[in-house]
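An overview of the molecular structure
So the chains spell out like this:
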2 protein chains.
Amino acid sequence: MDEMTKVAVDAMGGDNAPAEIVKGAIEAVNQNSKIKVYLVGKQNVINDVLSQHTYNKERIEVVNAEEVIDTAEPPVMAIRKKKDSSIVVALNLVKNNECDAFVSAGSSGAVLVGGQLIVGRIKGIERPPLAPLIPTETGCSLLIDCGANVDARPSHLVQFAKMGSVYMESVMGIPNPKVAIVNIGAEEEKGNALVKDTFPLLKNCPDIHFIGSIEARDIPTGYADVIVCEAFAGNIILKLYEGVGATLIKKVKAGMMTSLRSKIGALLVKPALKKTLKGFSLEEYGGAPLLGLNGLVVKTHGSSTANEIKNSILQCVTFKEQKINQKIKEKVILSDS
Amino acid sequence: MDEMTKVAVDAMGGDNAPAEIVKGAIEAVNQNSKIKVYLVGKQNVINDVLSQHTYNKERIEVVNAEEVIDTAEPPVMAIRKKKDSSIVVALNLVKNNECDAFVSAGSSGAVLVGGQLIVGRIKGIERPPLAPLIPTETGCSLLIDCGANVDARPSHLVQFAKMGSVYMESVMGIPNPKVAIVNIGAEEEKGNALVKDTFPLLKNCPDIHFIGSIEARDIPTGYADVIVCEAFAGNIILKLYEGVGATLIKKVKAGMMTSLRSKIGALLVKPALKKTLKGFSLEEYGGAPLLGLNGLVVKTHGSSTANEIKNSILQCVTFKEQKINQKIKEKVILSDS
């Protein structure tokens, strides 16, 4: 049983809960025999959905939680008051080592705040960053931090760079990952106060492969593996990635419908195009881990379907097997002192 | 002659100088009879290019400037030392009221610094923002500020909102333009320190139509007409717009080349697609004005071709005819006091 990765999944979180969440959990245990999923939420509701599927009953368990935290609720208050919510109950499973990881498509704020308050930071980690993988021309990069804690300090960004390097090397298998800091120009003297103060610290950090500044224009090319920024900037990057992508694809589709000629062409290119664009979708990479906690907390899109939930659960296995938290302790904390 | 809009154009600036710059200038005067262009730069070089075209000699004049400011040069130093550079000579034409406007595809830093140092700010304007138009699903929005001065204060952002409103109403003809501040969530209590301090000021500002926060995801939809942000964030937004767009179009093209079927389809959809995507190109909107100066300074892309130079010159006419600077004085400065 020790080899098993035990994942608590928020069955009530996200636009497509509980149906797609339950489906994703079933797909994950079917795909990997080393996973056990704990579906947390309203027992009756979850059982109703489960009864519509055939699944391995030994590897999917339901944990009852009667409350649900809404995305509109102020996170700190919600975590404190709703002790019997799916998010709080699931986070306590991680805190008490009954689970290795927690996956939620629910309220970002509540997951981020709850992760810090309930699971807690690894001793020495100043701030846990939310670090999604974003698609690039050559594969994917880790964008760190897109979290809820804005106005970071330089020392936070240095820890982000180190944790991001550990993640990309151990989970994504990229040796000596290239680290860059988001900036408004390539030169060292450019940037805002935070970037100017952080740049020399990263430059002199022996544990990472720092390649300097990255302009936003170059992020989609895959120029860097770990893209370090403060959460306000990271949030803009992540959401604009989605926004520009969605608008352009809408434009491409509309463009193809403008004439009979282009409509026929559209029918012919559709399958190939769909396949290529799938590789550039944020959903393909599962959720974003909140790094630096005593356990793994993964936040997936509110709009997650079964596929993204499945991918998010699967990534928890690599995270556990690669002993990421042990490596963070060794490479981020010990190298600091 | 008074109706003429006199535009100084940096013939030496940008990747495609001088050929495309000169060509764009000729196209602009051909298209609008109220424009006179002063091509500033090395006389011999410019005359060489001009001799390859037929053009209206009364409305294109060459102004000699022997030096060129390179994009890699530190801007402040370059503006101070290179008195005979195309940028400095052209900016002095605007300062001395010999020209109404200056258009350059050269060093962004030098144009921004030079605009402030030589042409100077309108009295009462704290900081001149660089404000490009960006394409959206429904038309275009003004992104203000993408300039060189990062770490803005709340009072700067309020002036940006007012100047942006004047521009969108008078130049783009959008009545009562919707103003939003870039934020990481829709709620008023979200954001970094700058946004939290600025939000109530914008909310209580009687001269603008403030609609609250805008998340980066919604920028491409055209949700707001004037998108207010500090320059570091603005620079990320502008450059990521370009970057994600370029990568996605590359992906679409590659996707279409994966099979014989899709290749045939590609031939059929190409013309329609080209037309649609052209409408979503940053280049279609000409350059970005640096607002709040005693004259108009327009920065266009370093990679500008004749078409963007032409559009940038043409927008100077509207700017002059609509008396934008007079309106900025009335609506931004006077309403402050």
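A short tour of the structure in this document, coming up. Residue positions are given per chain, counting from 1 as you read along its sequence in written order. Each chain is given a letter, starting from A, and each ligand a number, starting from 1, according to the order in which they appear as written. Whole-chain, interface and lining totals are the exception, using all residues; otherwise, since this is a predicted model, local features are given only for residues with pLDDT of at least 70 and side-chain atom pairs are given and counted only at 80 or more. Here the side-chain values reflect all heavy atoms present in the structure, with hydrogen atoms and water set aside.

**Considering the overall build of chain A**
To be explicit about the condition: By the criteria applied, helices consist of DSSP H or I runs no shorter than four residues and strands consist of E runs no shorter than two, each listed in order from the N terminus. Both definitions apply: the radius of gyration is a C-alpha atom measure, and the globule rule equals 2.2 Å times residues to the power 0.38. Using a 1.4 Å probe on the protein chains alone, a residue whose accessible area is under 20% of its type maximum counts as buried, one over 50% counts as exposed, and one in between counts as partly exposed.
What chain A contains, in helices and strands, is 11 helices and 11 strands. Taken over C-alpha atoms, the radius of gyration comes to 20 Å for chain A, in line with the 20 Å a tight globule of 337 residues would show. When its C-alpha atoms are laid out on the principal axes, chain A stretches across 65 × 60 × 35 Å. A buried classification covers 58% of the 337 residues belonging to chain A.

**Quick word on the pattern of salt bridges**
We apply this condition: In the sections that follow, a salt bridge refers to a side-chain nitrogen of Lys or Arg positioned within 4 Å of a carboxyl oxygen of Asp or Glu.
Using the criterion set out here, one finds 19 salt bridges over all chains in the structure. A salt bridge links Asp207 of chain A to Lys162 of chain A, with the nearest nitrogen and oxygen atoms 3.7 Å apart. One end of the pair, Asp207 of chain A, is in the loop between α7 (193-203) and β8 (209-215); the other, Lys162 of chain A, is in helix α6 (residues 154-170), with 45 residues separating them in the sequence. Relative accessible area serves as the criterion here: at 41%, Asp207 of chain A is assigned to the partly exposed category. Its relative accessible area of 6% is what places Lys162 of chain A among the buried residues. Glu73 of chain B is the partner of Lys82 of chain B in a salt bridge, and the nearest nitrogen-oxygen pair spans 2.8 Å. A network of salt bridges, in which partner residues are shared, links Lys239 and Glu242 of chain A together with Glu215 and Arg217 of chain B.

**A word on the packing of aromatic side chains**
Residues and elements named next belong to chain A. We apply this condition: Note on ring pairs: Phe, Tyr and Trp rings are taken, using the six-membered ring of Trp, and paired if centres are within 6.5 Å. Classes follow the plane angle, with under 30 degrees stacked, over 60 edge-to-face and the rest tilted.
In total, this model carries four aromatic pairs over all chains according to the counting rule given. On the basis of an interplanar angle of 75 degrees and a centroid distance of 5.2 Å, the ring pair of Phe199 and Phe210 is categorised as edge-to-face. Within this pair, whereas Phe199 is found in helix α7, its partner Phe210 is found in strand β8, the two being separated by 11 residues in sequence. With relative accessibility at 17%, the residue Phe210 sits in the buried group.

**Digging into the relation of the copies chain A and chain B**
The cut-off we apply is this: All copies are superposed by least squares; the fitting set is the C-alpha atoms of residues with a pLDDT of at least 70 in both.
Take chain A, turn it by 180 degrees, move it 0.0 Å along the axis, and it overlays chain B with an RMSD of 0.0 Å. Such a combination of turn and shift is consistent with a two-fold rotation axis. In terms of C-alpha distance to the rotation axis, chain A has Gly265 of chain A as its closest residue, with the C-alpha 1.9 Å off the axis.

**Some words on the packing of helix α1 (residues 19-31) of chain A against helix α10 (residues 306-321) of chain A**
All names here are of chain A. For clarity, the threshold we go by: Structural elements are reduced to axes, namely lines fitted to C-alpha atoms, with helices fitted over the stretch in contact, and the angle between N-to-C directions of any two is expressed from 0 to 180 degrees. Reported orientations rely on four angle classes, namely roughly parallel under 35 degrees, roughly antiparallel over 145, roughly perpendicular from 65 to 115, and oblique for the rest. Working rule for handedness: look at the near helix, and if it is turned counterclockwise from the far one by less than a right angle, call the crossing left-handed; if clockwise, right-handed. When checking whether two residues touch, look at their non-hydrogen atoms; a contact exists if any pair is within 4.5 Å. When residues are sorted by character, Ala, Val, Leu, Ile, Met, Phe, Trp, Tyr, Cys and Pro go into the nonpolar class, Asp, Glu, Lys and Arg into the charged class, and all the rest, Gly among them, into the polar class.
α10 packs onto α1 with a crossing angle of 45 degrees between their chain directions and a minimal axis gap of 7 Å. When the interaxial angle is binned, α1 and α10 end up oblique. Remark: the crossing between α1 and α10 carries right-handed chirality. Between α1 and α10, the contacting residues are Glu20, Ile21, Lys23, Gly24, Ala25, Glu27, Ala28 and Gln31 on the first element and Ala306, Asn307, Ile309, Lys310, Ile313 and Leu314 on the second. Split into classes, the residues belonging to the contact of α1 with α10 amount to seven nonpolar, three polar and four charged.

**As for the interface of chain A and chain B**
Inclusion rule: Computed with a 1.4 Å rolling probe, the buried area is the accessible surface lost when two parts are put together, summed over both parts.
Counting from both sides, the interface comprises 51 residues of chain A and, opposite them, 51 residues of chain B. Overall, the association of chain A and chain B removes approximately 4,900 Å² of surface from exposure, summing both partners, and the carbon and sulfur fraction of that is 73%. Looking only at chain A, the three residues that lose the most surface to chain B are Ile184, Phe232 and Leu240 of chain A, adding up to 13% of its buried area. Applying the counting rule to chain A against chain B returns six salt bridges. Here Glu137 of chain B makes a salt bridge to Lys250 of chain A, at a shortest N to O gap of 3.1 Å.

**So, helix α4 (residues 86-95) of chain A**
Residue and element names in this part refer to chain A. Across the 10 residues of α4, eight count as buried, placing the element largely inside the fold. Restricting attention to buried positions, one finds in α4 the residues Ser86, Ile87, Val88, Val89, Ala90, Leu91, Leu93 and Val94. Trailing α4 by a residue or two, Asn97 shows a phi angle of about 60 degrees, which is positive.

**Here's the deal with the pairing of strand β7 (residues 178-183) of chain B**
In the case of a regular strand, side chains alternate between the two sheet surfaces. All names here are of chain B. Applicable threshold: Whether a crossover is right-handed comes down to one check: with the strands pointing away from the viewer, does the path from the first strand over the helix to the second run clockwise; if it does, it is right-handed. Two strands pair if DSSP finds at least two bridges between them.
Most of β7 is tucked away: five of the six residues are buried. Taking the sense of rotation as the criterion, the β-α-β connection linking β7, helix α7 (residues 193-203) and strand β8 (residues 209-215) turns out right-handed. In the sheet, β7 pairs with strand β9 (residues 226-228) via three bridges, with the strands oriented parallel. In the sheet register, Ala180 faces β9, and the bridge partner there is Ile227.

**Structural notes on the environment of Met4 of chain B**
Along the chain, the position of Met4 of chain B falls in the segment before β1 (5-10). Leaving out residues up to four positions away in the same chain, Met4 of chain B has contacts with Ser33, Lys34, Ile35, Lys36, Arg59, Asp100 and Lys320 of chain B.

**Let's talk about the nonpolar core**
For soluble globular proteins, the rule of thumb is that nonpolar side chains tend to be buried together. Definition in use: Residues grouped as a nonpolar core are buried Ala, Val, Leu, Ile, Met, Phe, Trp, Tyr and Cys residues, joined through side-chain atoms within 4.5 Å.
If you look at the biggest cluster of nonpolar residues, it comprises 187 residues, and the most contacted ones within it are Leu39, Ile219 and Ile313 of chain A together with Leu39, Ile219 and Ile313 of chain B. Residue contacts for Leu39 of chain B: discarding those within four places in its chain leaves Val9, Ala11, Val22, Ala25, Ile46, Leu50, Ile60, Glu61, Val62 and Val63 of chain B.

**Comments concerning a positive patch on the surface**
Residue and element names in this part refer to chain A. Note the following rule: Patch building starts from residues that exceed 30% relative accessible area and form no salt bridge, then joins like charges within 9 Å and nonpolar side chains (Val, Leu, Ile, Met, Phe, Trp, Tyr) within 5 Å. Shrake-Rupley sampling with a 1.4 Å probe provides the accessible areas, and residues are treated as covered by the protein chains on show and by no other component. Two residue types count as positive, namely Lys and Arg, and two as negative, namely Asp and Glu; His and chain ends fall outside the count. Working definition for charges: the position is that of NZ of Lys, CZ of Arg, CG of Asp or CD of Glu.
Residues Lys253, Lys270, Lys274 and Lys278 make up a contiguous surface patch of positive charge. In terms of residue count, the dominant contributor to the positive patch is helix α9 (residues 260-278) (three residues). By the element assignment, Lys253 lies in helix α8 (residues 231-256).

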